[in-house]
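Structural features, examined
These are the residues of each chain, in order.
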Amino acid sequence: MPEWQRSTLELIVEELRRPVKIDESFDRRVMVHVRRTYARRRRRGIAGVLGAASRITHHPAWAAALAAGIVAIAAMGVARSRQRPATAAGSHEPVQFVLVAPTARSVAVVGDFNDWGLNDSALIATNHEGVWSVTAPVPTGVHRYAYVVNGKDWVADPSAPRSAGDDFGMPSSVLVVEESTK
Amino acid sequence: MESSDADLVTRVLHGEVNAYGALVSRYRDRYARYAVHMLGNREDAEEALQDAFTRAYRSLARCEEPERFGAWLFRILVNRCRTSGARRVRRGQTFVHDEGALMNASQEHPAEQTMWREEIERAVGELSPDQREAFLLKYVEDLGYDEMSEITGVGVSALKMRVMRACDRLRTLLREVHSA
């Protein structure tokens, strides 16, 4: 390559690599959109789960499973809106717990329905490319539960209402399990 | 200590929405440069960048490697710039060089510098979108051909050809300016 051509290319690249500054109001504009999206998802009770649903569409075998998780959460919302009394009937219903935690090494579910994981009763979730999921029968009624990430970090479910009084000083969420109508 | 991309992504996914602001600040200027050069004007570039950030937030759970959030976001931006470029062509607009971007350059020899910058912007704007995209990714963003292929979905051989043609075209256009 002739010297003149090489240096011309270098000069072009040097010029194009100069930083371009964007006004800081740009950040505010983006965050307005982000907060609106977040608020909309919270109102619909699916914050933190909707993204996972679309992700799973790339993996057909998991689409149904995750869809089931969203349905389960939707069913909880219906139960709350009817203000059903919290009854603890004897029957159990299958509930799928889903947590999006791409960097987690392990995720388990603990709640009052499994003695908060005592005696190895924690439900161990399975990782599907950052979407952790486990399905288990849970007695009908109102329950409190949480996720234990990496065996030590106790987190509430971002897609469910927080428990009024966090258990043992730890964050927890509320789960309403209705008896199946079938 | 500055939080890693993976930390920030995890915090956002757990409902800490303000953590996303740190990701916006981190990548705003760097990716604005690509959008401005690709689309040729600041208004379209900011619109594309804003859209890329909001799309990324909406599908953050699909970011399979949170530690590489920047690369994932960049792929969204590249696609967004393609869409924006195609729309601009359909609207029949022509490529307009960006005065605002040029104002950030050094002021050593303002008149010559500005003229040179304008000629470069004009020459880059005369490349086909495919050639411009390949040239910017290769030489300005300093990506390898494998990364470029991953981002664009175009084969390595085709990308090399586009870069080569872009270089030839730029040399021709700028030689014409020099000899004029």
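Predicted model, so just to flag it, every value in this text is computed and none were measured. (Residues numbered from 1 in each chain as written. Chains lettered and ligands numbered in written order. Predicted model: local features only at pLDDT ≥ 70, side-chain atom pairs only at ≥ 80, totals over all residues. Heavy atoms only, no water.)

In this section: the overall build of chain A. The helix and strand tally for chain A stands at four helices and eight strands. The helix and strand sequence of chain A, counted from the amino end, reads α-α-α-α-β-β-β-β-β-β-β-β. In chain A, which comprises 182 residues, the proportion classed as buried is 46%. Within chain A, contacts between residues at least 6 apart in sequence are counted, and of these 68% link residues at least 24 apart. (Helix = DSSP H or I, 4+ residues; strand = E, 2+ residues; numbered from the N terminus. Buried < 20%, exposed > 50% of the residue type's maximum accessible area, 1.4 Å probe, protein only. Contact = heavy atoms within 4.5 Å.)

Time to look at the overall build of chain B. Secondary structure summary: chain B contains nine helices and zero strands in total. Its helices and strands taken in sequence order, chain B reads α-α-α-α-α-α-α-α-α from the N to the C terminus. Across the 180 residues in chain B, those meeting the buried criterion constitute 54%. Put simply, 67% of the contacts in chain B that link residues at least 6 apart link residues at least 24 apart.

Let us now look at the interface of chain B and chain A. Accessible area lost upon the coming together of the parts serves often as the stated size of an interface. The interface is formed by 50 residues belonging to chain B together with 43 residues belonging to chain A. Buried area between chain B and chain A, summed over both chains or domains, comes out near 4,500 Å², and the portion from carbon and sulfur atoms is 62%. Linking chain B with chain A are five salt bridges, by the criterion used here. Across the contact surface, chain B and chain A share 15 residue pairs in polar contact (both at pLDDT 80 or more). Elements represented by at least two residues in the side of chain B that touches chain A include exactly helix H1 (5-13), helix H2 (19-39), helix H3 (42-58), helix H6 (110-126), helix H7 (129-140) and helix H9 (156-179) of chain B. Here the side of chain B that touches chain A gets ten residues from one element, more than from any other, and that element is H2(B). Considered class by class, the residues forming the side of chain B that touches chain A number 24 nonpolar, 13 polar and 13 charged. (Buried area = accessible area lost by both parts, 1.4 Å probe. Salt bridge = Lys/Arg side-chain N within 4 Å of Asp/Glu carboxyl O. Polar contact = N/O pair within 3.5 Å; in protein donor to acceptor, adjacent residues only side chain to side chain. Nonpolar A, V, L, I, M, F, W, Y, C, P; charged D, E, K, R; others polar.)

In total, this model carries 23 salt bridges over all chains according to the counting rule given. In this structure, the salt-bridge partner of Lys21(A) is Asp29(B), at a minimum N-O distance of 3.1 Å. Of this pair, Lys21(A) sits in the loop between helix H1 (3-16) and helix H2 (25-43) while Asp29(B) is found in helix H2, placing the two residues in two different chains. Judged by relative accessible area, which is 48%, Lys21(A) ranks as partly exposed. Through salt bridges with shared partners, one network takes in Lys21(A), Asp27(A), Arg28(B) and Asp29(B).

For H3(B), built from 17 residues, the straight-helix expectation of 24 Å at 1.5 Å per residue is met to within 8% by its first-to-last C-alpha distance of 24 Å. By the criterion of burial, H3(B) is predominantly enclosed, with 13 of the 17 residues buried. (Expected span 1.5 Å × (residues − 1).)

So, about the nonpolar core. Counting 69 residues, the largest nonpolar core has Tyr20(B), Tyr34(B), Phe53(B), Phe69(B), Phe74(B), Leu77(B) and Phe135(B) as its most contacted members. Ranked by residues supplied to this core, first place goes to H2(B) with twelve residues. If sequence neighbours within four positions are ignored, Tyr34(B) has contacts with Phe74(B), Leu77(B), Val78(B), Cys81(B), Glu133(B), Leu136(B), Leu137(B) and Glu141(B). By size, the runner-up hydrophobic cluster in this structure holds 21 residues, among which are Ala125(A), Tyr145(A), Tyr147(A) and Val149(A). (Core = buried A, V, L, I, M, F, W, Y, C linked by side-chain atoms within 4.5 Å.)

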